[in-house]
Amino acid sequence: MRRILDACYEGAAWIAALLMIALLGLVVASIASRLVGINLPGLDAYAGYCLAGASFLALASTFVHGGHIRVELLLGRLPAGARIWAERVCLLVALTIVAAFAWVSVQLCWTSYEIHDLSVGDDATPLWIPQLGMALGTLVFLLAVIDRLVQSFTAPATTGAVEAHFTE
Amino acid sequence: MDAFAAVMLLVLMFALLGSGVWIGLSLMGVAWIGMELFTARPVGDAMAVSIWGGLSGWTLTALPLFVWMGEILFRTKLSEDMFKGLAPWLGRLPGGLIHTNVVGCTIFAAVSGSSAATCATIGKMTLPELTRRGYPDKITIGSLAGAGTLGLLIPPSIIMIVYGVTADASIARLFIAGVVPGLLLALLFSGYVALWSLRNRDALPPHEAAPSLGERLRASRHLLPVVTLIVLVLCSIYFGIATATEAAALGVVGALGVAAAQRTLSWRNFRDSLLGATRLYCMIALILAGSAFLTMAMGYIGLPRHLAQWIAGLGLSTWQLILALTAFYIVLGCFLDGISMVVLTVSFVMPTILAAGIDPIWFGIYLVIVVEMAQVTPPVGFNLFVLQGMTGRDMLWIAHAALPFFCLMAALVVVLYAFPGLITWLPSQMGFSG
């Protein structure tokens with residue numbers, strides 16, 4: 001079970017990583033096509049879809065690796081026992097919000113499919129295709145949060161790892 | 001009613017953030033409850049549409065690419081090369097090799113969009129080298145913490161992209177606007193290091209024998225890779241050849257080229273940089289998702305508009321407004337990271353800024369400097385985290401070492417307020433108006 005779950009998170013992250021490469025390829029292609037004077041419409045929109053797909057599909061893996069930031073000021077100062085409970089409350093709040101996030105994402109994708117919603121740009125892509133990444137990514141994210149909440153009861157010591165951030 | 005809504009949502013926001021709920025999710029929670037209580041619109045639709053729209057936009061594509069470029073360069077020998085190229089030139093200045101921190105960060109900032117990455121990449125080389133030569137820890141670490149923040153002000157800059165997307169300002173213009181203030185700040189830092197060294201001559205190791213001009217020029221070849229990258233990224237934006245996104249893609253390709261030339265481009269390094277960049281970007285994306293939803297919710301509730309009217313009613317002059325905002329941001333910066341600071345406040349503050357007749361580009365640069373100050377204020381400051389990890393020193397000690405540099409940034413805000421042309425002149429000379 002553990003291995004299946006981890007494979008889910010990492011698999012989604014790898015798709016996200018491939019979408020990053022695709023994003024790079026699309027931008028390079030748009031530069032190259034402009035240099036040789038060919039007009040390839042819709043590349044910008046495709047780059048945007050890759051970006052969105054990459055962001056949503058990596059959510060779970062980033063969460064599992066402790067990559068999403070939070071304010072740990074108070075949390076870190078609690079005594080060990082209280083900290084475990086505070087962590088559970090945090091995860092429960094997160095679970096509620098992520099569940100809503102996943103629900104509306106699936107709904108958006110489904111609605112786009114039902115009404116054959118097309119992109120208004122040059123690409124005229126059926127929007128449910130890129131939105132599938134949003135639906136799947138948020139569902140895997142929900143799975144990861146549930147997983148972590150369960151773990152906080154069965155093996156509470158493993159939670160709370162902090163990673164170094166190089167973002168800013 | 002409005003005051004009640006504002007206070008309630010503010011309390012809710014701080015309760016969620018303070019209790020340790022992930023920042024992006026906290027924003028979504030506040031937006032959801034705010035819309036449910038104070039509007040009659042369907043909340044789910046607003047959430048899905050705002051988040052999808054916020055994260056699938058073309059303007060945002062520059063962000064993950066610059067993050068990726070930084071991740072690749074962090075894994076190359078670039079910092080080692082830069083130290084080799086810079087040390088022969090800087091050794092004779094008052095303050096000696098401490099200047100490699102400031103100049104190194106300034107140059108690296110021109111290929112990196114982040115303060116913590118700049119700090120970590122340059123420090124990886126300068127910290128052990130300077131310690132080995134007997135430079136005092138306090139000025140070495142303090143100057144690195146301060147100069148690392150230049151990563152935000154000197155383009156490319158992740159925080160500028162975030163501001164540009166949230167405030168709907170031109171990212172290319174913001175980038176170019178950051179150049180002059182960034183160089184000015186670097187000059188202030190170097191000047192301080194020189195002054196400090198003249199007053200504390202006994203604490204410093206003696207100057208090393210100066211290499212001949214020929215040796216110095218030969219050593220400069222090590223700077224070639226980083227200079228090529230700067231030309232590729234910044235000049236292409238300035239002369240209007242590339243948009244910010246295209247420059248970022250060129251930067252990634254260039255960084256991979258540098259790594260290949262240095263024979264550091266292993267499969268392992270490539271995979272680590274790619275997955276690292278994907279996760280780092282994802283972390284930012286979750287905050288942006290929360291912010292997109294919150295901004296839409298606040299727009300429906302009408303809070304920012306009312307806030308702007310209320311502040312306008314106070315009759316503050318522009319400098320009083322900026323002073324109040326600076327105080328507010330310094331306090332906020334103690335507890336929040338830069339990106340959250342920007343996305344949380346911009347949608348509220350923007351109407352007020354526009355009503356006061358402040359140029360959005362000027363305000364963007366101002367905001368970047370205040371965020372830089374936040375990088376070195378405890379208890380939450382990313383440069384402090386990075387240096388704590390690298391040196392094992394206590395965070396308060398590092399913050400104290402960085403205090404003079406914090407004050408210099410505050411001084412820069414005053415200078416830029418007095419001479420706004422330092423920000424606005426260079427972008428007005430650009431190759432195109434994007």
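Not measured: the values here are computed from a predicted model.

## Some words on the overall build of chain B
Stage number 1. Per the secondary structure count, chain B includes 23 helices and zero strands.
Stage number 2. In summary, chain B has a C-alpha radius of gyration of 22 Å against a globular reference of 22 Å for 434 residues, a match within 12%.
Stage number 3. Dimensions of chain B, computed from the C-alpha atoms along their principal axes, are close to 75 × 45 × 45 Å.
Stage number 4. Looking at chain B residue by residue over its 434 residues, the buried ones come to 61%.
Stage number 5. Sequence separation of 24 or more characterises 79% of the internal contacts of chain B that already satisfy a separation of 6 or more.
Stage number 6. Working note: accessible area of chain B is about 15800 Å², and carbon and sulfur atoms make up 68% of it.
Stage number 7. Between the mean site of the 21 positive side-chain charges and the mean site of the 18 negative ones, chain B shows a separation of 10 Å.

## Concerning the interface of chain B and chain A
One widely used convention gives an interface's size as the accessible area the parts lose upon coming together.
Stage number 1. Counting residues at the interface gives 71 residues for chain B, matched by 56 residues for chain A.
Stage number 2. A buried area of about 5400 Å², summed over both sides, lies between chain B and chain A, and 79% of it is on carbon and sulfur atoms.
Stage number 3. The three residues of chain B that bury the most area against chain A are Trp 22, Trp 52 and Arg 279 of chain B, which together make up 17% of that side's buried surface.
Stage number 4. The salt bridge involving Glu 10 of chain A is made with Arg 279 of chain B; its shortest N-O contact spans 3.2 Å.
Stage number 5. The tally of links from chain B across to chain A stands at seven residue pairs in polar contact (both at pLDDT 80 or more).
Stage number 6. With 16 residues, the top contributor of residues to the side of chain B that touches chain A is helix H16 (residues 267-301) of chain B.

## Observations concerning the layout of surface pockets
Residues and elements named next belong to chain B.
Stage number 1. Quantified by volume, the largest pocket comes out at close to 870 Å³.
Stage number 2. What lines the largest pocket is a set of 29 residues, among which Leu 10, Leu 307, Phe 328, Phe 348 and Val 349 lie closest to the centre.
Stage number 3. Listed by contribution, the elements that provide at least two residues to the lining of the largest pocket are helix H1 (2-18), helix H17 (303-314), helix H18 (318-335) and helix H19 (338-355).
Stage number 4. It is H1 that contributes the most residues to the lining of the largest pocket, nine residues altogether.
Stage number 5. The residue makeup of the lining of the largest pocket, split by class, is 25 nonpolar, three polar and one charged.

## Points about unusual backbone geometry
Stage number 1. Each neighbour pair has its own omega, and for Pro 155 of chain B with Pro 156 of chain B the value is -10°, a cis peptide bond.
Stage number 2. One non-glycine residue, Ala 124 of chain A, lies in the positive phi region at around 50°.
Stage number 3. Mapping Ala 124 of chain A onto the fold places it in the loop between helix H4 (80-114) and helix H5 (128-154).
Stage number 4. The phi angle at Asp 168 of chain B is positive, at roughly 60°, despite the residue not being glycine.
Stage number 5. Mapped onto the secondary structure, Asp 168 of chain B falls in the loop between helix H10 (158-167) and helix H11 (171-177).

## Observations concerning the pattern of salt bridges
Stage number 1. Per the stated rule, a full pass over the model turns up eleven salt bridges over all chains.
Stage number 2. Between Arg 34 of chain A and Glu 246 of chain B there is a salt bridge; the shortest N-O distance is 3.2 Å. A residue pair is termed interchain when its members come from two chains, as with Arg 34 of chain A in helix H1 (residues 2-36) and Glu 246 of chain B in helix H15 (residues 244-261).
Stage number 3. Since its relative accessible area comes to 45%, Arg 34 of chain A is described here as partly exposed.
Stage number 4. When the shortest N-O distance is used, the salt bridge between Arg 271 of chain B and Asp 272 of chain B registers 3.3 Å.
Stage number 5. One salt-bridge network, held together by shared partners, links Arg 2, Asp 6 and Asp 147 of chain A.

## Some details on the packing of aromatic side chains
Working definition: an aromatic ring pair is given by the centre-to-centre distance plus the angle between the planes.
Stage number 1. In total, this model carries 20 aromatic pairs over all chains according to the counting rule given.
Stage number 2. On the numbers, 6.2 Å between centres and 80° between planes, the contact of Trp 85 of chain A with Phe 153 of chain A is edge-to-face. Of this pair, Trp 85 of chain A sits in helix H4 while Phe 153 of chain A sits in helix H5; the two residues are 68 residues apart in sequence, bridging distant segments of the chain.
Stage number 3. Owing to a relative accessible area of 48%, Phe 153 of chain A belongs among the partly exposed residues under this scheme.
Stage number 4. For the ring pair Tyr 192 of chain B and Phe 405 of chain B, a centre distance of 5.3 Å and an interplane angle of 80° mean the geometry is edge-to-face. With Tyr 192 of chain B in helix H12 (residues 179-199) and Phe 405 of chain B in helix H22 (residues 395-418), the pair connects residues that are 213 residues apart, well separated along the chain.

## Structural notes on the side chain of Asp 123 of chain A
Stage number 1. Along the chain, Asp 123 of chain A falls in the loop between H4 and H5.
Stage number 2. Within the local environment of Asp 123 of chain A, its side chain forms a polar contact with the side chain of Thr 125 of chain A, the two groups lying 2.6 Å apart.

## Let's talk about the environment of Arg 41 of chain B
Residues and elements named next belong to chain B.
Stage number 1. Take Arg 41: it is sitting in the loop between helix H2 (23-38) and helix H3 (43-55).
Stage number 2. Under the relative-accessibility criterion, Arg 41 is labelled partly exposed at 46%.
Stage number 3. In sequence terms Arg 41 and Ile 365 are 324 residues apart; their C-alpha atoms lie 36 Å from each other.
Stage number 4. In contact with Arg 41, not counting residues within four places along its chain, are Met 35 and Tyr 300.

## Concerning a positive patch on the surface
All names here are of chain B.
Stage number 1. Positive charge collects at one region of the surface, where Lys 77, Lys 84, Arg 218 and Arg 221 lie side by side.
Stage number 2. Topologically, Lys 84 is positioned in helix H5 (residues 78-90).
Stage number 3. For Lys 84, a relative accessible area of 38% gives the class partly exposed.

## Some thoughts on the confidence of the model for chain B
Stage number 1. The pLDDT averaged across chain B works out to 91; a share of 99% of its residues lies at or above 70.
Stage number 2. Predicted complex, confidence summary: ipTM 0.93, pTM 0.90.

## Focus on the packing of H18 of chain B against helix H20 (residues 360-375) of chain B
For any two helices packed against each other, the geometry is given by the interaxial angle and the distance between the axes.
All names here are of chain B.
Stage number 1. With their axes 9 Å apart at the nearest point, H18 and H20 run at an angle of 35° to one another. Along this stretch, H18 crosses H20, giving a crossing that reads as right-handed. Touching Ile 322, Leu 325, Thr 326, Tyr 329, Ile 330 and Gly 333 of H18 are Trp 362, Phe 363, Tyr 366, Leu 367, Val 370, Met 373 and Ala 374, all from H20.
Stage number 2. A per-class count over the contact of H18 with H20 returns eleven nonpolar, two polar and no charged.

## Remarks on a nonpolar patch on the surface
Stage number 1. A cluster of nonpolar residues, Leu 35, Val 36, Ile 38 and Leu 40 of chain A, forms a patch on the protein surface that exposes about 440 Å² of accessible area.
Stage number 2. Here Val 36 of chain A lies in helix H1.

Parameters and conventions
Residues numbered from 1 in each chain as written. Chains lettered and ligands numbered in written order. Predicted model: local features only at pLDDT ≥ 70, side-chain atom pairs only at ≥ 80, totals over all residues. Heavy atoms only, no water. Helix = DSSP H or I, 4+ residues; strand = E, 2+ residues; numbered from the N terminus. Rg over C-alpha atoms; globule rule 2.2 N^0.38 Å. Buried < 20%, exposed > 50% of the residue type's maximum accessible area, 1.4 Å probe, protein only. Contact = heavy atoms within 4.5 Å. Areas by Shrake-Rupley, 256 points an atom, 1.4 Å probe, with all protein chains shown as cover. Lys, Arg positive; Asp, Glu negative; His and termini not counted. Charge placed at Lys NZ, Arg CZ, Asp CG, Glu CD. Buried area = accessible area lost by both parts, 1.4 Å probe. Salt bridge = Lys/Arg side-chain N within 4 Å of Asp/Glu carboxyl O. Polar contact = N/O pair within 3.5 Å; in protein donor to acceptor, adjacent residues only side chain to side chain. 1 Å grid on protein atoms, 1.4 Å probe; cavity = no way out; pocket = protein on both sides within 12 Å on 5 of 7 lines; lining within 4 Å. Points joined across faces, edges and corners; volume = space filled by probe spheres on them. Nonpolar A, V, L, I, M, F, W, Y, C, P; charged D, E, K, R; others polar. Phe/Tyr/Trp six-rings, centres within 6.5 Å; stacked < 30°, edge-to-face > 60°. Patch = residues over 30% accessible without salt bridge, like charges linked within 9 Å, V, L, I, M, F, W, Y side chains within 5 Å. pLDDT = per-residue confidence, 0-100. Axes fitted to C-alpha atoms, helices over the stretch in contact; angles between N-to-C directions. Left-handed = near helix turned anticlockwise from the far one by under 90°.

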